[in-house]
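Residue-level listing of the chains:
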Number of protein chains: 2
Amino acid sequence: MTLDARKKNVLLAIIQDYIATAEPVGSRTIARKYKLGVSPATIRNEMADLEEMGYIEQPHTSAGRVPSNRGYRYYVDHLMQREELSVEEEQLLLSGYLTKMQEVAQVLRRTGQLLSHITSYTGVILTTCYGQGKFKHIQLIHMSAGQAMVVVVTDTGAVHHRIIEIPESICPADLETISAVLNQKMHGKSIENIRLTLIKEIYFELAKQKHVIDLAMDVIRDSLSVETGEKIYLGGIFNILNQPEFNNIEKVKTLLSLLEHENEIANIMTDVFRNEGVTVRIGEEMVDDRMKEYSMVMGSYHMEGKPVGAIGLLGPTRMDYARAFAVVEYMTRNLSLVMERLLRWRGK
Amino acid sequence: MTLDARKKNVLLAIIQDYIATAEPVGSRTIARKYKLGVSPATIRNEMADLEEMGYIEQPHTSAGRVPSNRGYRYYVDHLMQREELSVEEEQLLLSGYLTKMQEVAQVLRRTGQLLSHITSYTGVILTTCYGQGKFKHIQLIHMSAGQAMVVVVTDTGAVHHRIIEIPESICPADLETISAVLNQKMHGKSIENIRLTLIKEIYFELAKQKHVIDLAMDVIRDSLSVETGEKIYLGGIFNILNQPEFNNIEKVKTLLSLLEHENEIANIMTDVFRNEGVTVRIGEEMVDDRMKEYSMVMGSYHMEGKPVGAIGLLGPTRMDYARAFAVVEYMTRNLSLVMERLLRWRGK
DNA sequence: GTTAGCACTCAATATGGGAGAGTGCTAACA
DNA sequence: TGTTAGCACTCTCCCATATTGAGTGCTAAC
């Protein structure tokens with residue numbers, strides 16, 4: 001089902017206009033603003049066709065047309081022309097990183113804010129793929145009789161910690177020993193490696209403290225696995241409220257309740273790792289029914305060529321995809337650089 | 001300027017009714033619902049007086065009266081009767097902690113959610129007072145040539161980490177040595193102590209690595225100092241939108257933009273440490289002008305008798321102070337217990 | 001295939017009364 | 001002197017009724 005050139009132009013005009021104005025667009029407007037060389041009546045005919053094909057819809061009989069999610073999809077896949085950011089905008093985005101960053105979390109938070117600030121959508125950052133990360137260091141710290149803290153550092157610069165129960169008989173020195181052995185055995189290994197081959201060796205060496213090791217291994221597994229390794233940063237939740245679609249409170253409420261369930265967002269974002277480049281999810285393409293009025297434009301950022309996380313923009317389906325595309329693309333490159341500089345990878 | 005008994009009763013009735021209904025309350029309503037034994041006309045006279053004294057206001061001529069912030073203040077200080085939570089509510093709050101908690105952050109996040117869930121206001125948790133915390137453990141971890149990660153653990157269970165630049169000549173073993181010395185010297189000491197007396201000793205012992213120690217000390221100082229030790233957790237931002245005052249988007253926007261500046265909220269909350277028990281801040285008592293339609297009810301939680309953080313409820317000035325009071329009071333006790341159990345303090 | 005013309009639809013925007021809640025004032029009452 | 005009933009007055013809120021205007025679909029002519 002392919003569209004002839006004029007239909008494409010009409011659809012493009014409708015979508016561009018609707019993105020710009022958020023008002024249903026009528027045949028007159030198109031004839032006037034976008035010179036297609038035909039009269040409103042002709043455009044009306046084309047619009048009737050497009051509606052039948054499901055690319056646009058009518059809120060009510062005497063209103064103009066509005067793109068359907070299917071229409072947006074067609075636009076993104078076939079009609080959208082690439083956009084470049086202006087030099088000033090690139091400057092603005094870069095300058096956000098000027099204040100000295102010392103923590104991965106800080107960089108990511110900042111990135112979320114920048115994304116949101118420049119687009120008036122909500123910036124979403126996902127860190128993940130610790131599954132592909134490597135173990136760097138583990139430390140067991142004695143907190144009190146019967147309690148210890150496990151701290152695990154991965155080579156992506158992530159730090160995970162947790163309090164565990166230990167037999168009261170274990171003293172600080174024991175923990176030091178355990179830490180040392182674990183570090184020595186696991187240094188630079190990936191989690192799969194550890195699980196498959198090393199674990200027996202370690203058990204053997206530390207037979208006495210089986211229980212503690214089990215708990216410590218839990219933390220390691222958690223921190224290296226995708227499951228809890230995921231963390232979401234949201235930036236500028238309230239910027240998106242400037243979008244005209246949030247003129248009624250119910251919408252705001254559903255959005256906020258949506259954003260409170262971070263793991264669902266995380267779920268959607270993992271999609272991104274299946275594609276190269278920038279991915280767009282529109283409306284009900286994102287499972288959850290409450291998302292059907294929202295879209296996400298997302299991309300992954302890399303370290304050493306491997307994707308280690310994703311950034312995205314969450315906006316109404318009416319969002320400016322071309323611009324979001326450009327911003328996300330620019331920011332993924334940018335963020336990859338900043339991250340690599342922060343955790344310079346020479347030694348390993 | 002003290003009020004006679006009848007004026008007090010009228011003011012109390014107005015405030016209670018307004019808290020319950022969010023509608024301006026008229027003389028008729030009071031005469032009917034709250035049996036003061038006088039006619040509406042008499043109540044009207046009293047209301048005129050109360051208005052002149054600034055305890056209540058009139059949205060427009062033909063509307064009932066609404067409490068002013070001054071009125072709320074008088075209510076909280078002199079009229080409010082203490083309320084107890086029902087057994088079911090206490091149960092509900094307790095059950096929130098049943099799923100196993102392994103991290104301080106997790107407990108605090110949960111607490112925020114619980115606070116919000118049971119009151120439909122926004123729960124705010126502030127952790128602070130690491131200045132009074134003690135140093136537990138430091139670890140320098142070699143990440144790559146020229147870069148190391150510093151991880152500091154305090155006895156309150158907080159973990160701070162940061163990437164620092166180091167001379168390329170320093171190898172993992174050096175960092176290990178430095179870690180060991182630092183740990184040995186500083187174990188169990190407070191930051192003041194470290195700064196004042198130990199630092200020279202440490203420099204002497206590790207003269208070669210002055211630069212690294214400086215950087216590490218920065219992290220320690222930061223993590224133990226109140227400045228960056230503060231962290232805010234917000235719970236149920238969207239629960240508060242159920243309050244009828246948020247019927248218009250502008251209100252929602254200002255609230256959200258307010259909540260994005262966590263440090264300002266933190267500022268307000270430090271007030272709490274000056275008082276015993278539960279503190280109430282109403283409207284413009286909280287500096288920022290945009291806060292004049294909100295109130296906070298807050299209390300501090302303790303570990304070993306010392307306040308280590310604060311919890312609070314943020315709601316409209318019309319909030320149910322008596323109930324908020326009860327919830328906050330109960331939760332501070334609760335949280336103190338949970339925290340102490342999580343980081344059992346026997347050993348030290 | 002395109003276009004002008006026209007009748008029709010329907011949301012959004014006034015317009016214009018009530019209805020109702022609440023007030024302040026006055027005068028009468030205990 | 002304090003309290004109360006009565007009453008005129010003032011607003012907001014709500015509802016029902018035009019009015020407007022943008023936009024459509026259809027038909028017939030070009």
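Look up: the structure comes first, before these words.
Our subject in this report is the structure included herewith. Here the structure is a predicted model, which means the values were calculated and not measured. (Residues numbered from 1 in each chain as written. Chains lettered and ligands numbered in written order. Predicted model: local features only at pLDDT ≥ 70, side-chain atom pairs only at ≥ 80, totals over all residues. Heavy atoms only, no water.)

Description of the sheet that holds strand β4 (residues 135-144) of chain B
The strands that make up a sheet pair up through hydrogen bonds in the backbone, lying either parallel or antiparallel.
Residues and elements named next belong to chain B.
Inference 1: Spatially, the three strands line up as an open sheet ordered β4-β5-β6, and their pairing is antiparallel. The two strands at the open ends of the sheet, each matched to only one other strand, are β4 and β6 (159-165). If you compare each strand with its neighbour and ignore which way they point, the axes differ by 20° on average.
Inference 2: Both strand β5 (residues 147-154) and β6 contribute to a ladder of seven bridges, which runs antiparallel. Each bridged residue has a counterpart across the sheet, and for Val150 the counterpart in β6 is Arg162. (Pairing = 2+ DSSP bridges. Helix = DSSP H or I, 4+ residues; strand = E, 2+ residues; numbered from the N terminus. Axes fitted to C-alpha atoms, helices over the stretch in contact; angles between N-to-C directions.)

A closer look at the environment of Val272 of chain A
Residue and element names in this part refer to chain A.
Inference 1: Residue placement: Val272 occurs in the loop between α12 (262-270) and β8 (279-282).
Inference 2: The class of Val272 is buried, set by a relative accessible area of 0%.
Inference 3: Remark: the alpha-carbon pair of Val272 and Gly309, spanning 37 residues in sequence, is separated by 9.3 Å.
Inference 4: In this structure, Val272 is in contact with Thr279, Met298, Gly299, Ser300 and Ala310, ignoring residues within four places of it in sequence. (Buried < 20%, exposed > 50% of the residue type's maximum accessible area, 1.4 Å probe, protein only. Contact = heavy atoms within 4.5 Å.)

Concerning the packing of helix α11 (residues 249-260) of chain A against helix α11 (residues 249-260) of chain B
Inference 1: At their nearest, the axes of α11 of chain A and α11 of chain B sit 10 Å apart, and the two run at 30° to each other. With respect to their mutual orientation, α11 of chain A and α11 of chain B come out roughly parallel. Considering how the two elements wind past one another, α11 of chain A and α11 of chain B form a crossing that is left-handed. Residues Ile249, Val252 and Leu256 of chain A of α11 of chain A pack against Ile249, Val252 and Leu256 of chain B of α11 of chain B.
Inference 2: Split into classes, the residues belonging to the contact of α11 of chain A with α11 of chain B amount to six nonpolar, no polar and no charged. (Parallel < 35°, antiparallel > 145°, perpendicular 65-115°, else oblique. Left-handed = near helix turned anticlockwise from the far one by under 90°. Nonpolar A, V, L, I, M, F, W, Y, C, P; charged D, E, K, R; others polar.)

A short note on the pattern of salt bridges
Inference 1: For the structure on display, the rule yields 34 salt bridges over all chains.
Inference 2: A salt bridge links Lys7 of chain A to Asp4 of chain A; its shortest N-O distance comes to 3.7 Å.
Inference 3: The partly exposed category is assigned to Asp4 of chain A, whose relative accessible area is 38%.
Inference 4: Among the ionic pairs, Arg73 of chain B bridges to Asp77 of chain B, the shortest N-O distance being 3.2 Å. One end of the pair is Arg73 of chain B and the other is Asp77 of chain B, both in helix α4 (residues 69-79) and four residues apart, which spans about a single turn.
Inference 5: One salt-bridge network, held together by shared partners, links Arg73, Asp77, Asp271, Arg274, Arg281 and Glu285 of chain A. (Salt bridge = Lys/Arg side-chain N within 4 Å of Asp/Glu carboxyl O.)

Details of the protein's contact with DNA strand D
Inference 1: In the neighbourhood of DNA strand D, 21 residues make up the surrounding shell, with Ser27 and Arg65 of chain A together with Arg6, Thr42 and Ser62 of chain B lying closest.
Inference 2: The sugar-phosphate portion of DNA strand D accounts for 74% of its atoms within 4 Å of the protein, the bases making up the rest.
Inference 3: Take Arg44 of chain A: an N or O atom from its side chain is 3.2 Å from a base nitrogen of DNA strand D.
Inference 4: Of all the secondary structure elements, the ones that give two or more residues to the surface near DNA strand D are α2 (27-33) and α3 (40-52) of chain A together with α3 (40-53) of chain B.
Inference 5: Per-class residue counts for the surface near DNA strand D are four nonpolar, 13 polar and four charged. (Near = heavy atom within 4 Å. Polar contact = N/O pair within 3.5 Å; in protein donor to acceptor, adjacent residues only side chain to side chain.)

Some details on the sheet that holds strand β10 (residues 306-316) of chain A
Residue and element names in this part refer to chain A.
Inference 1: In space, the five strands of this open sheet follow the order β7-β3-β10-β9-β8, with antiparallel pairing throughout. Edge positions in the sheet fall to β7 (231-235) and β8, since each of these pairs with one other strand and no more. Averaged over all pairs of adjacent strands, the angle between their axes in this sheet comes to 20°, without regard to strand direction.
Inference 2: The pairing of β8 with strand β9 (residues 294-303) spans four bridges and is classified as antiparallel. Residue pairing across strands places Thr279 opposite Met298, the latter belonging to β9.
Inference 3: Each of β8, β9 and β10 touches helix α13 (residues 321-342); the most contacted strand, β9, lies at about 25° to it.

Comments concerning the interface of chain B and chain A
By a frequent convention, interface size equals the accessible area lost on bringing the separate parts together.
Inference 1: Listed as interface residues are 44 residues of chain B and, on the opposing side, 44 residues of chain A.
Inference 2: For the pairing of chain B and chain A, the buried interface totals around 4,100 Å² over both sides, and the portion due to carbon and sulfur atoms is 60%.
Inference 3: Across the contact surface, chain B and chain A share zero salt bridges.
Inference 4: Among the secondary structure elements, those contributing two or more residues to the side of chain B that touches chain A are β4, β5, β6, α11 and α13 (321-342) of chain B.
Inference 5: Considering each element in turn, the side of chain B that touches chain A owes the most residues, seven residues, to β4 of chain B.
Inference 6: When grouped by side-chain class, the residues that make up the side of chain B that touches chain A number 17 nonpolar, 15 polar and twelve charged. (Buried area = accessible area lost by both parts, 1.4 Å probe.)

Details of the relation of the copies chain B and chain A
Inference 1: For the pair chain B and chain A, the best superposition has an RMSD of 0.3 Å and corresponds to a rotation of 179° with a translation of 0.0 Å parallel to the axis. This pairing of chains is accounted for by a two-fold axis. Taking C-alpha positions as reference, the residue of chain B nearest the rotation axis is Ile249 of chain B, located at 3.3 Å.
Inference 2: Interface residue correspondence from chain B to chain A reaches 98%, placing this contact among same-surface, isologous pairings. (Least-squares fit on C-alpha atoms with pLDDT ≥ 70 in both.)

Some remarks on a positive patch on the surface
Inference 1: A contiguous patch of positive charge, built from Arg109 and Lys231 of chain A together with Arg109 and Lys231 of chain B, is present on the exposed surface.
Inference 2: With respect to the element layout, Lys231 of chain A can be found in strand β7. (Patch = residues over 30% accessible without salt bridge, like charges linked within 9 Å, V, L, I, M, F, W, Y side chains within 5 Å. Areas by Shrake-Rupley, 256 points an atom, 1.4 Å probe, with all protein chains shown as cover. Lys, Arg positive; Asp, Glu negative; His and termini not counted. Charge placed at Lys NZ, Arg CZ, Asp CG, Glu CD.)

Overview of the side chain of Glu46 of chain B
Residues and elements named next belong to chain B.
Inference 1: Residue placement: Glu46 occurs in helix α3.
Inference 2: Taking the relative accessible area as the measure of exposure, Glu46 reaches 5% and is therefore buried.
Inference 3: With residues near it in sequence (within four places) discarded, Glu46 still touches Arg6, Lys7 and Val10.

Side note on the packing of aromatic side chains
Inference 1: Within this structure, the stated rule accounts for eight aromatic pairs over all chains.
Inference 2: Taking 5.7 Å as the distance between ring centres and 50° as the angle between the ring planes, the aromatic pair formed by Tyr72 of chain B and Tyr321 of chain B counts as tilted. Highlighted residues: Tyr72 of chain B in helix α4 and Tyr321 of chain B in helix α13, separated in sequence by 249 residues.
Inference 3: On the basis of relative accessible area, Tyr72 of chain B is assigned to the buried category, the value being 1%.
Inference 4: Members of the aromatic cluster, joined through ring pairs, are Tyr72, Tyr75 and Tyr321 of chain A.
Inference 5: Here the basic side chain of Lys231 of chain A rests over the ring of Tyr233 of chain A, its NZ or CZ set 5.1 Å away from the ring centre. (Phe/Tyr/Trp six-rings, centres within 6.5 Å; stacked < 30°, edge-to-face > 60°. Lys NZ or Arg CZ within 6 Å of the ring centre and 35° of its normal.)

Notes on the nonpolar core
Inference 1: Among the nonpolar cores identified, the biggest contains 138 residues, and Tyr75 and Tyr321 of chain A together with Tyr75 and Tyr321 of chain B are the most heavily contacted of them.
Inference 2: Aside from chain neighbours lying at most four places away, what touches Tyr75 of chain B is Leu12, Ile15, Ile19, Met80, Tyr321 and Ala322 of chain B.
Inference 3: Core analysis: the second largest hydrophobic core is formed by 49 residues, Leu256, Met269, Tyr294 and Leu314 of chain B among them. (Core = buried A, V, L, I, M, F, W, Y, C linked by side-chain atoms within 4.5 Å.)

Some remarks on the protein's contact with DNA strand C
Inference 1: As a structural note, the neighbourhood of DNA strand C is formed by 21 residues, with Arg6, Thr42, Thr61 and Ser62 of chain A together with Ser27 of chain B the closest of them.
Inference 2: Protein-proximal atoms of DNA strand C, defined as those within 4 Å of the protein, fall in sugar or phosphate at a share of 78%.
Inference 3: Within the contact set of DNA strand C, a phosphate oxygen lies 2.8 Å away from a side-chain nitrogen or oxygen of Ser27 of chain B.
Inference 4: Those elements that place two or more of their residues in the surface near DNA strand C are α3 of chain A together with α2 (27-33) and α3 of chain B.
Inference 5: Looking at the surface near DNA strand C, the element that brings in the most residues is α3 of chain A, giving four residues.
Inference 6: Considered class by class, the residues forming the surface near DNA strand C number four nonpolar, 13 polar and four charged.

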